[in-house]
Amino acid sequence: NKGVYVTPDHEWITPKGRIQSCDLSIGSNIFLPQAGNEDILHGTLLGGGHVREDGAFLVAQTNKPWAEAKAFAFGMKVRKKKASQGYPNAQPNYVFSCTVPRAWRKLFYRRDRKKRWVAPPSDRALAVFYGDDGCLGAHHYTRKDGSQCVWYTVHFATQSFLPHNSAAVVRWFHKRFGEAKLDTAGNIRLGIKPALLFFEAIAPYLHPSMEYKLPPPFHGRYIGWME
C-alpha cells in the first residue's frame, strides 16, 4: 500500500470517531471499507437497522450470532442490552454502532423521516434483509396416496415502507421473483414458485445463524462472504 495524499483537515473514521489527518499519529487505527459492507448496510437498512443524520449506523438484533456476524464485518463488537422494562417475555438485544457515510441517511430517509424502499438490492443485501425481517412459511398437506408434503412460502414485514412505497415494493418483488402480494397487515408475500426462486437466490448469502429461515434442501450453501 503506497498510501494516499490528503489535506490536514481530511477526516478518517476511527474506533474513537472521526479524526482529522493532522491529529493522526503512526500506529493510529482507521477503518477501511471491506468487500460486502455496502450489501450489509443496504440489507440492514431495508430491515431493522437505522442510520442517524450524523452517520451513526445503529444495529440491534435479538439473535446474538447474527448481530456478531454483522458487527465483525465492520470491525466492531456487540454488547448486550437488556429487554425493556414492562415486557417480561421480551428478548434482550445485541447491539453495535459505527460511523458510515452520511449519504446512506440521505438515500434511505425522506425529509419527513419516513424510510424509502431503495432498489434494486443485490442478492446479498436481500439475504440480509430476509435475515432481519423475513419469515418462512411451511404448509403441510397430504397427497392422494397418503404421503406427506410441505410447501414453503415467504413473507417480509414491510410496514416501514408503507403506504408511500407500497406499490414500488410489490412491483420490485413481482418483477424479480414472479407473483407477489401485499396483505392487509402490510406484509409482502411470495407464493410457492416465487419462494423457491427466492431461496435459490439468497441461500449462498444467508448467514448460518439465520439458516432456520430456509427450507432444509437449501441448508449448508453459505459461502462465508460476511467474514
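Overview of the structure. Since the model is a prediction, treat every value here as computed from it, not as a measurement.

Moving on to a nonpolar patch on the surface. A cluster of nonpolar side chains, Trp151, Ile192 and Leu196, forms an exposed patch at the surface whose accessible area comes to about 260 Å². Mapped onto the elements of the fold, Trp151 is located in strand S8 (residues 148–157).

What follows covers the sheet that holds strand S10 (residues 187–190). Across the sheet, four strands lie side by side as S7-S8-S10-S9; this open sheet has antiparallel pairing. Each of the sheet's edge strands pairs with one partner strand only, and the pair in question is strand S7 (134–142) and strand S9 (180–182). For this sheet the average axis-to-axis angle between neighbouring strands, irrespective of direction, equals 30°. As judged from the nine bridges shared by S7 and S8, these two strands associate in the antiparallel manner. When the bridges of S8 are listed, Gly134 appears paired with Phe156. Sheet strands touched by helix H4 (residues 123–133): S7 and S8. Its angle to S7, the strand with the most contacts, is close to 75°.

The next point concerns the sheet that holds strand S5 (residues 79–81). The four strands are arranged S3-S4-S6-S5 in an open sheet whose pairing can be described as antiparallel. On the outer flanks of this sheet lie strand S3 (50–51) and S5, each paired with one strand and no other. Pairing geometry for S5 and strand S6 (residues 93–99), over three bridges, is antiparallel. Bridging from a neighbouring strand, Arg79 pairs with Val95 of S6. Each of S3 and strand S4 (56–61) touches helix H1 (residues 37–46); the most contacted strand, S4, lies at about 65° to it.

Every α-helix winds through 3.6 residues per turn, so residues three or four apart in the chain are directed the same way. Considered for burial, the residues of helix H6 (residues 192–202) that qualify are Pro194, Ala195, Phe198, Phe199, Ala201 and Ile202. Buried residues of H6, viewed axially, fall in a sector of 160°; they line one side. Where H6 is buried, its residues contact H4, S7, S8, helix H5 (166–177) and S10.

Each value, and the rule that gives it
- Residues numbered from 1 in each chain as written.
- Predicted model: local features only at pLDDT ≥ 70, side-chain atom pairs only at ≥ 80, totals over all residues.
- Heavy atoms only, no water.
- Patch = residues over 30% accessible without salt bridge, like charges linked within 9 Å, V, L, I, M, F, W, Y side chains within 5 Å.
- Areas by Shrake-Rupley, 256 points an atom, 1.4 Å probe, with all protein chains shown as cover.
- Salt bridge = Lys/Arg side-chain N within 4 Å of Asp/Glu carboxyl O.
- Helix = DSSP H or I, 4+ residues; strand = E, 2+ residues; numbered from the N terminus.
- Pairing = 2+ DSSP bridges.
- Axes fitted to C-alpha atoms, helices over the stretch in contact; angles between N-to-C directions.
- Contact = heavy atoms within 4.5 Å.
- Buried < 20%, exposed > 50% of the residue type's maximum accessible area, 1.4 Å probe, protein only.
- Arc of directions from axis to C-beta.

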